[in-house]
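Chain by chain, the residues run as shown.
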Amino acid sequence: ENFGAEVGFIRLGDISRKYSVGSESFTQTAKSRALYTAGTARWPLGDSFSVNGTLGVAFNQVRNDATLGDRNLNGDSKSVMIGFGVQYQLSDRTALTANFDHLAEISEEGPSTDLATVGFVMKF
């Protein structure tokens, strides 16, 4: 009842990096996405309200169209995904959620990303 698992797909948006070569500056942009799996835990704080936590692993993919010399944002990586949130129970089978998740180092270049979501849960 208080523990579960989830699998998901996230479009993380664009990553932009600025580089300077001599007096010239360049911006490189890449699209990023992740497939993740995580364990979840929920702690009830009453009949309708609870807090939750998430811990898992994300399989990240970063793709760009062009490279700047030896600088390339393309790559696949794994990162830790950790999150927390709240849940409000609407009925025995439905609830509203709000969550904040952090994915560490989504590419070899090292950027991390944070994700805030609001959702609807339906138990089968």
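Residues numbered from 1 in each chain as written. Predicted model: local features only at pLDDT ≥ 70, side-chain atom pairs only at ≥ 80, totals over all residues. Heavy atoms only, no water.

Draft legend 1. Highlighting the confidence of the model for the protein. For the protein, per-residue confidence averages 84 on the pLDDT scale, and residues scoring 70 or more make up 88% of the total. In the model of the protein, strand E1 (residues 3–21) stands out as the element of lowest mean pLDDT, 82, in contrast to strand E5 (residues 94–103), which has the highest, 93. (pLDDT = per-residue confidence, 0-100. Helix = DSSP H or I, 4+ residues; strand = E, 2+ residues; numbered from the N terminus.)

Draft legend 2. Expanded view of the nonpolar core. The biggest cluster of nonpolar side chains holds nine residues, and these are Ile10, Leu12, Ala34, Tyr36, Ala38, Ala58, Met81, Leu103 and Leu115. Every element with two or more residues in this core is listed here: E1 and strand E2 (24–44). Here this core gets three residues from one element, more than from any other, and that element is E2. In this structure, Met81 is in contact with Ile10, Tyr36, Thr54, Leu55, Gly56, Val57, Asp101, His102 and Leu103, ignoring residues within four places of it in sequence. (Core = buried A, V, L, I, M, F, W, Y, C linked by side-chain atoms within 4.5 Å. Buried < 20%, exposed > 50% of the residue type's maximum accessible area, 1.4 Å probe, protein only. Contact = heavy atoms within 4.5 Å.)

Draft legend 3. The packing of aromatic side chains, seen in detail. The full count for this structure, using the stated rule, is one aromatic pair. Seen from their ring centres, Phe84 and Phe100 are 5.7 Å apart, and the 45° between their planes marks the pair as tilted. Taken together, the residues span a long stretch of sequence, with Phe84 in strand E4 (residues 75–89) and Phe100 in strand E5 at a distance of 16 residues. (Phe/Tyr/Trp six-rings, centres within 6.5 Å; stacked < 30°, edge-to-face > 60°.)

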